[in-house]
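Structural features, examined
Here is how the chains run, residue by residue.
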Amino acid sequence: MKTYKQPSTIGRFGEFGGMYVAETLMPLLLNLDKSYKKIQKDKKFKKELNDLFKNYVGRPSSLHYAKNLSKFINGPKVYFKRDELNHTGAHKINNCLGQILLAKKMGKTRIIAETGAGQHGVATATVCSLFGLPCYIYMGSKDIERQKPNVFRMKLLGATIIPVESGSKSLKDAMNEALRDWIKNVRDTFYIIGSTAGPHPYPKMVRDFQSVIGKEAREQILKVEKKLPDYLIACVGGGSNAMGLFYPFLNDKKVKIIGVEAAGRGVKTEETAATMTSGTPGILHGSYSYVLQDKDGQIKEAHSISAGLDYPGVGPEHSHLKDIKRVKYFGINDKEALEAFQTCSKLEGIIPALEPSHALAYLIKAFKNKHKNKVVILNMCGRGDKDLFTAAKAIGFDADE
Amino acid sequence: MNNLDTLPKKKILSLFMTCGFPTLSQSKKIFNEILSHQPDVIEFGLPFSDPMADGPIIQEANKLALSSNLSTQQSLNLIKELSKSKNNTSFVIMCYLNTVRKFGLDKFIKSIKNIVDGIIIVDLPFEEESEIKKSLSKNNIHLIKLISPMTDKKRAQKLLKGSKGFIYYVSATGITGSNKLDFKEINKNVKFLKKMTNIPVLVGFGIKSKKDVLEISKKTNADGVIIGSALIQKYFDLKMDLNKYVIGLKKFIQEVKI
């Protein structure tokens, strides 16, 4: 087998990826690509980022053996890679720190970002506060409603939140508006994209910054189990936490890798966010990848109880990994995710975000009474605090807001 | 024969309108009105669900057009029907790449061959265009290039090499229908482009009135203008009354034809 080496210099993962944006943005993306290549070789940048990872984020995040859940599943030994313990409560901060250091190096003075669940918005607002840069967060009005705690967090951190009323009023539309803002303010603005989506070099850059997750997990599991894991499992919306965990293992052919998408009300319904199960290749937000679209290429609205997975596209690298069959992708519906959310809370004393609850649900469903003596690492990419109201409502608990 | 090859030397007028806006049947009336003025170029916008380079007015037009489930085929049929009375007017399609891809490039070109003179694919940059450009040029359809104030000299040279039809110079770094015009900067950049190309350079984005058109003509070296959002805005200004809108369009187009 050949060593995995993606993307190409023009940002292609196999046939996926690329740079499909208006000419107004092209010079910026090319410049960003150049600057990113340059800082990758910069030792000072690496040191600065590592210091922040250690002292500001609290890395390395631990690898926790989820004994009770493993017993409940009666199958493999399950480890959680606990990126939910990071400062700001999710993996998103890893990427934001990398990108804001780059923005600083490029002399940019204004930061914009899109957010769905609010985790990326909070992480962006956090790093902007740390580096003293003005921060504008685009967020769908539907998400503002269902992620109130994060909205307040961003405000406390000094960010300006711009509600997006177009389309489905969720992540896709927030990204459209952020891109429009960027086109309008090209000279001074840096757009911190939160997922492995968007035009090149974002999918590569975000993956690289997130791959600290997989690098740590690899070292940690070798230490405790003296072998590589048999399975990796992570949820996939745009796909940044998953790419972060998967990437350092892609050349380890014995490690089986599973991505779990949000199937909303089911992969066969119109109300889904399972792009790779229900979608077809197309172009959204500057990149060629699987998307939910109709026969004329109009992008469909996604549906998921989890705002972070409610996206009709997916990062191009995932599309490639699906097509070369390196990673298998499955859908988990809202109900299954909610059940896993409760199971994990009760059994492990960890309230997961609704996003990794999808990965948990798949694990419970597919590994129950199976795969004994195997080792699984699941990316616990976010904590559930932000989802308490949504979950309470769905479960039927009266939580007074 | 490609109408874009015989564009006048100066004061070129290009009018943009979204296909199927606000409904397919009303759209026919709107385009007939526009065509009756025989502008040099008509740009037919194919509606897309996620028009990321367009401002709120054209976004709204796209949304209205798509709300009655307008298909790509219906838009192309509309253009074909109108082409019967196109005379010297150049027909240009403006769209996003996913629309063309999903329809099928070959089928798309077959449907517009001998009808459409040029195409602007907003999100198809120079780096990704070679295959599509080849197919288009085989069928005598010009791939129109956008150039922005962010495009530097080296890049502009690459983009201009072998370009046909006209150059769409994005006057403000911005999305359609936004920002103020900076004539000094426009003049500087247009002059610079005209040194490198013989085809007309049209200025688009942010042109709203007769005054703007006159000033572009007087204060810059541009060969003409593109008006889009301002044309569509009238529909909302006139409270979405089609009859009033058609009258309003007539008046507006007469004004901006200088």
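Predicted model only: the values in this text are computed from it and were never measured. (Residues numbered from 1 in each chain as written. Chains lettered and ligands numbered in written order. Predicted model: local features only at pLDDT ≥ 70, side-chain atom pairs only at ≥ 80, totals over all residues. Heavy atoms only, no water.)

With respect to the overall build of chain B
Counting secondary structure elements, chain B contains eleven helices and nine strands. In terms of overall size, chain B behaves like a compact globule, its C-alpha atoms giving a radius of gyration of 17 Å where 258 residues would be expected to give roughly 18 Å. When contacts within chain B are restricted to residue pairs at least 6 apart in sequence, those whose partners lie at least 24 apart make up 73%. Approximately 10900 Å² of chain B is accessible, and the part contributed by carbon and sulfur atoms is 50%. Counting 41 positive and 24 negative side-chain charges, chain B places the centres of these two groups 4 Å from one another. (Helix = DSSP H or I, 4+ residues; strand = E, 2+ residues; numbered from the N terminus. Rg over C-alpha atoms; globule rule 2.2 N^0.38 Å. Contact = heavy atoms within 4.5 Å. Areas by Shrake-Rupley, 256 points an atom, 1.4 Å probe, with all protein chains shown as cover. Lys, Arg positive; Asp, Glu negative; His and termini not counted. Charge placed at Lys NZ, Arg CZ, Asp CG, Glu CD.)

Here's the deal with a positive patch on the surface
Together, Lys-34 and Lys-38 of chain A together with Lys-154 and Lys-158 of chain B make up a positively charged patch on the protein surface. Breaking the positive patch down by element, the ones donating at least two residues are helix 1 (26–40) of chain A together with helix 7 (153–160) of chain B. Residue placement: Lys-34 of chain A occurs in helix 1. (Patch = residues over 30% accessible without salt bridge, like charges linked within 9 Å, V, L, I, M, F, W, Y side chains within 5 Å. Salt bridge = Lys/Arg side-chain N within 4 Å of Asp/Glu carboxyl O.)

Structural notes on the packing of helix 4 (residues 92–105) of chain A against helix 5 (residues 119–131) of chain A
Residue and element names in this part refer to chain A. Between helix 4 and helix 5, whose axes approach to 9 Å, the crossing angle comes to 40°. With respect to helix 5, the element helix 4 is oriented oblique. Between helix 4 and helix 5 lies a crossing whose hand is right-handed. Packed against helix 4, whose contacting residues are Lys-92, Ile-93, Asn-95, Cys-96, Leu-97, Ile-100, Leu-101 and Lys-104, the element helix 5 presents Gln-119, His-120, Ala-123, Thr-124, Thr-126, Val-127, Cys-128, Leu-130 and Phe-131 at the interface. Split into classes, the residues belonging to the contact of helix 4 with helix 5 amount to ten nonpolar, five polar and two charged. (Axes fitted to C-alpha atoms, helices over the stretch in contact; angles between N-to-C directions. Parallel < 35°, antiparallel > 145°, perpendicular 65-115°, else oblique. Left-handed = near helix turned anticlockwise from the far one by under 90°. Nonpolar A, V, L, I, M, F, W, Y, C, P; charged D, E, K, R; others polar.)

Some details on the sheet that holds strand 7 (residues 160–164) of chain A
Residues and elements named next belong to chain A. Strand order in this open sheet of four strands is 7-6-5-8, and the pairing throughout is parallel. One side of each edge strand has no neighbouring strand; the edge strands of this open sheet are strand 7 and strand 8 (189–191). If you compare each strand with its neighbour and ignore which way they point, the axes differ by 25° on average. When strand 6 (residues 135–140) meets strand 7, the two strands line up parallel, connected through five bridges. Paired with Gly-140 across the two strands is Val-164, which belongs to strand 7. Across the sheet, helix 5 is in contact with strand 5 (110–115) and strand 6; its angle to strand 5 comes to roughly 165°. (Pairing = 2+ DSSP bridges.)

Digging into the packing of aromatic side chains
Per the counting criterion, the structure on display carries 20 aromatic pairs over all chains. Centroid distance Tyr-235 of chain B to Phe-236 of chain B: 5.4 Å. Interplanar angle 75°. Geometry classified as edge-to-face. Accessibility expressed as a relative area gives 5% for Tyr-235 of chain B, which makes it buried. One aromatic cluster is present, built from ring pairs that chain together Phe-21, Tyr-235, Phe-236 and Tyr-245 of chain B. The aromatic ring of Phe-72 of chain A is capped on one face by Lys-368 of chain A, whose charged end is 3.9 Å from the ring centroid. (Phe/Tyr/Trp six-rings, centres within 6.5 Å; stacked < 30°, edge-to-face > 60°. Buried < 20%, exposed > 50% of the residue type's maximum accessible area, 1.4 Å probe, protein only. Lys NZ or Arg CZ within 6 Å of the ring centre and 35° of its normal.)

Here's the deal with the sheet that holds strand 14 (residues 375–379) of chain A
Residue and element names in this part refer to chain A. Pairing in this open sheet of six strands is mixed, and the strands run 3-4-14-9-10-13 from one edge to the other. Only two strands of the sheet have a single partner each, and these edge strands are strand 3 (63–65) and strand 13 (327–333). Ignoring which end each strand starts from, the neighbouring axes of this sheet average 25° apart. Sheet topology note: the strand 3/strand 4 (residues 77–81) ladder contains three bridges and is antiparallel. Across the sheet, the residue bridging to Tyr-65 is Tyr-79, located in strand 4. The strands that helix 13 (residues 316–323) touches are strand 9 (231–236) and strand 13; relative to strand 13, the one it contacts most, it runs at about 110°. The strands touched by helix 15 (residues 354–367) within the sheet are strand 4, strand 9, strand 10 (256–264), strand 13 and strand 14, with strand 9 carrying the most contacts at an inclination of about 135°.

Some points on the interface of chain B and chain A
Taken together, the contact pairs 38 residues of chain B with 36 residues of chain A. The three residues of chain B that bury the most area against chain A are Met-52, Lys-102 and Met-150 of chain B, which together make up 23% of that side's buried surface. Our count for the chain B to chain A interface comes out at four salt bridges. Linking chain B to chain A there are 19 residue pairs in polar contact (both at pLDDT 80 or more). (Buried area = accessible area lost by both parts, 1.4 Å probe. Polar contact = N/O pair within 3.5 Å; in protein donor to acceptor, adjacent residues only side chain to side chain.)

Observations regarding the side chain of Asn-86 of chain A
All names here are of chain A. Among the structural elements, Asn-86 can be located in the loop between strand 4 and helix 4. Relative accessible area serves as the criterion here: at 1%, Asn-86 is assigned to the buried category. What Asn-86 contacts, discounting residues up to four positions off in sequence, is Val-57, Arg-59, Ser-61, His-91, Ile-93, Asn-94 and Arg-383.

As for the domain arrangement of chain A
All names here are of chain A. Under the domain assignment used here, chain A contains domain 1 (12–53 + 92–206) and domain 2 (58–89 + 211–395). Listed per partner, the contact involves 42 residues of domain 1 and 43 residues of domain 2. Buried area between domain 1 and domain 2, both sides added, is near 3300 Å², and the carbon and sulfur share of it is 59%. Taken together, the links from domain 1 to domain 2 amount to two salt bridges. Scanning the region where domain 1 abuts domain 2 turns up 17 residue pairs in polar contact (both at pLDDT 80 or more). If you list the elements that add at least two residues to the side of domain 1 that touches domain 2, you get strand 2 (16–17), helix 4, helix 5, helix 6 (141–146), helix 7 (148–156), helix 8 (171–184) and helix 9 (202–210). Residue contributions to the side of domain 1 that touches domain 2 peak at five residues, all from helix 8. Looking at side-chain class alone, the side of domain 1 that touches domain 2 contains 18 nonpolar, 17 polar and seven charged residues. (Domains from an automatic or database assignment.)

What about the layout of surface pockets?
Of the pockets and cavities examined, the largest pocket occupies roughly 670 Å³. Listing elements by their share of the lining of the largest pocket, those giving two or more residues are helix 8 of chain A together with helix 2 (56–67) of chain B. The element contributing the most residues to the lining of the largest pocket is helix 2 of chain B, with six residues. Each residue belonging to the lining of the largest pocket can be placed in one class, and the counts come to six nonpolar, nine polar and 13 charged. Residue contributions to the lining of the largest pocket reach at least three from each of two domains, namely domain 1 (12–53 + 92–206) and domain 2 (58–89 + 211–395) of chain A. (1 Å grid on protein atoms, 1.4 Å probe; cavity = no way out; pocket = protein on both sides within 12 Å on 5 of 7 lines; lining within 4 Å. Points joined across faces, edges and corners; volume = space filled by probe spheres on them.)

Comments concerning the nonpolar core
Counting 185 residues, the largest nonpolar core has Ile-34, Ile-79, Ile-93, Phe-166, Tyr-168 and Ile-227 of chain B as the members making the most contacts within it. Domain assignment of the residues forming this core places at least three in each of domain 1 (12–53 + 92–206) and domain 2 (58–89 + 211–395) of chain A. If we ignore the near neighbours within four places in the chain, the residues touching Tyr-168 of chain B are Glu-43, Met-94, Ile-120, Ile-144, Lys-145, Leu-146, Ile-147, Leu-202, Gly-204, Phe-205 and Ile-226 of chain B. (Core = buried A, V, L, I, M, F, W, Y, C linked by side-chain atoms within 4.5 Å.)

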